[in-house]
Amino acid sequence: KNEVEQSPQNLTAQEGEFITINCSYSVGISALHWLQQHPGGGIVSLFMLSSGKKKHGRLIATINIQEKHSSLHITASHPRDSAVYICAANQLRGSNYKLTFGKGTLLTVNP
Amino acid sequence: DGGITQSPKYLFRKEGQNVTLSCEQNLNHDAMYWYRQDPGQGLRLIYYSQIVNDFQKGDIAEGYSVSREKKESFPLTVTSAQKNPTAFYLCASKIEGGGYTFGSGTRLTVV
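Residues numbered from 1 in each chain as written. Chains lettered and ligands numbered in written order. Predicted model: local features only at pLDDT ≥ 70, side-chain atom pairs only at ≥ 80, totals over all residues. Heavy atoms only, no water.

### Observations concerning the overall build of chain A
Then step 1. Along chain A, the regular secondary structure elements total zero helices and eleven strands.
Then step 2. Mapped in sequence order, the helices and strands of chain A form the string β-β-β-β-β-β-β-β-β-β-β.
Then step 3. The C-alpha atoms of chain A give 14 Å as radius of gyration, which agrees with the globular expectation for 111 residues (13 Å, within 12%).
Then step 4. Across its three principal axes, chain A shows a C-alpha extent of roughly 45 × 30 × 20 Å.
Then step 5. Within the span of chain A, comprising 111 residues, buried residues form 43% of the whole.
Then step 6. Positive and negative charge centroids in chain A, built from 10 and 6 side chains respectively, lie 9 Å apart. (Helix = DSSP H or I, 4+ residues; strand = E, 2+ residues; numbered from the N terminus. Rg over C-alpha atoms; globule rule 2.2 N^0.38 Å. Buried < 20%, exposed > 50% of the residue type's maximum accessible area, 1.4 Å probe, protein only. Lys, Arg positive; Asp, Glu negative; His and termini not counted. Charge placed at Lys NZ, Arg CZ, Asp CG, Glu CD.)

Encoded structure:
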């Protein structure tokens, strides 16, 4: 069982819609990352969160440490937002912190 | 601009041959990582290195080898012992206390 669960697995939206992607994790973490992967495969880091909320342009990420839950929101979505969004938890495994990844959410925004 | 360069983007090899994937970074990051991505699965850690001349096995190290002779470089060799080498391989680096920077990936196909 993956320790990091994302939902939904697939999401289709119309341009302009508000989008939410959820991420739950099962063990304590030092930080949670939201990543974006475009069809070519390269990954861009969007946010690194350890508490509260961060905003960058139309993207907002929140985290609730007590509930072990994070959300990524996209306001006024656009077709160029179409990508796979991945959440990754920085967890202590053994003597080092390592990332455990969710399986990703495939977002398609139609014009 | 600083970043991570992975080469080549696409690689084809015959079964039974070893192949080495390149990862170079000019970010002056100490830690470097290799991940494997398969369809429908989250990224999985193959090997990581936190400092030059030192590296540790990740979750799926069997059939792979690495070296870290220079801070900038962390090549991954996929050996003939790896039973299912066809996959997308991502390299990443990290500075202490900071976020991760990912490369654009190498798609390896073994025929």
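### Some points on the packing of aromatic side chains
Then step 1. Inspection of the entire model under this criterion finds eight aromatic pairs over all chains.
Then step 2. Measuring from centroid to centroid gives 6.3 Å for B:Tyr35 and B:Phe102, while their planes differ by 40°, and the two rings are tilted. Taken together, the residues span a long stretch of sequence, with B:Tyr35 in strand E4 (residues 31–37) and B:Phe102 in strand E10 (residues 100–102) at a distance of 67 residues.
Then step 3. Taking the relative accessible area as the measure of exposure, B:Phe102 reaches 8% and is therefore buried.
Then step 4. Members of the aromatic cluster, connected to one another through ring pairs, are A:Phe101, B:Tyr33, B:Tyr35, B:Tyr48, B:Tyr100 and B:Phe102.
Then step 5. The ring of B:Phe74 has B:Arg68 sitting right over it, with the charged end atom 6.0 Å from the ring centre. (Phe/Tyr/Trp six-rings, centres within 6.5 Å; stacked < 30°, edge-to-face > 60°. Lys NZ or Arg CZ within 6 Å of the ring centre and 35° of its normal.)

### Section: the nonpolar core
Then step 1. Core analysis: the largest hydrophobic core is formed by 22 residues, its most contacted members being A:Ile19, A:Tyr25, A:Leu32, A:Trp34, A:Leu72 and A:Tyr85.
Then step 2. For this core, the secondary-structure elements that each account for two or more residues are strand E3 (19–25), strand E4 (31–37), strand E5 (43–49), strand E7 (59–64), strand E8 (69–74), strand E9 (83–93) and strand E11 (105–110) of chain A.
Then step 3. Core analysis: the second largest hydrophobic core is formed by 20 residues, B:Ala61, B:Val78, B:Ala87 and B:Leu108 among them. (Core = buried A, V, L, I, M, F, W, Y, C linked by side-chain atoms within 4.5 Å.)

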